[in-house]
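Spelled out, the chains give:
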Amino acid sequence: MPKGYMISRVTVTDPDRYADYVALASEAIRQYGGKPLARGGRSQSVEGESRPRNVIIEFESFETALAYYNSPEYQAAKKARELAGMADIVVVEGT
């Protein structure tokens, strides 16, 4: 079964509040067996629009990645992020 990947592009506007989001999201990632492959770190836009923070999380399947995103645990994290930044998030099935 192909892996599932959650890819997030984020602009943090309030680092203190964003830290609350990260703590909640990290716990949910653990609960759903996610493995962060990239989480912040250095990046360079080479084409198109970009955001300063990029995150890639690997899950056992596309369905598990969606279950993580739709879970009550992640939705609580998302609510904490509302005043902390803006994000574009996609879930992608691996090959």
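Provided above is the structure to which this section pertains.
Owing to the predicted nature of the structure, the values given are computational and were not obtained by experimental measurement.

Caption draft 1: Structural detail: the sheet that holds strand 4 (residues 85-93). Taking strand neighbours across the sheet as the criterion, the 4 strands line up as 2-3-1-4 in an open arrangement whose pairing is antiparallel. If you trace the sheet from one side to the other, it starts and ends with strand 2 (35-39) and strand 4, each paired once. Pairs of neighbouring strands in the sheet enclose a mean axial angle of 15°, with direction left out of account. For strand 1 (residues 4-12) and strand 4, the ladder comprises 9 bridges, and the chain directions are antiparallel. Paired with Thr11 across the bridge in strand 4 is Met86. Each of strand 1, strand 2 and strand 3 (53-59) is contacted by helix 1 (residues 15-31), which is oriented at about 150° to strand 2, the strand it contacts most. Strands strand 1, strand 3 and strand 4 of the sheet are contacted by helix 2 (residues 62-70), whose axis makes an angle of about 155° with strand 4.

Caption draft 2: Structural context of the pairing of strand 1. As paired elements, strand 1 and strand 3 share 7 bridges and run antiparallel to each other. Among the inter-strand pairings, Gly4 is bridged to a residue of strand 3, identified as Phe59.

Calculation rules
- Every residue gets a number counted from 1 within its own chain, in the order that chain's sequence is written.
- Where local features are concerned, this predicted model is filtered to residues with pLDDT of at least 70; where side-chain atom pairs are given and counted, the filter is 80 or more; whole-chain, interface and lining totals use all residues.
- Each side-chain value is worked out from all heavy atoms of the structure, with water and hydrogens disregarded.
- A pair of strands is labelled paired if DSSP reports no fewer than 2 bridges between them.
- Put simply, DSSP marks the helices as runs of H or I at least four residues long and the strands as runs of E at least two long, and each gets a number from the N terminus on.
- Interaxial angles span 0 to 180 degrees and are taken between N-to-C directions of axes, which are lines fitted to C-alpha atoms, for helices over the stretch in contact.
- Note on contacts: a residue pair qualifies if any of its non-hydrogen atoms lie within 4.5 Å across the two residues.

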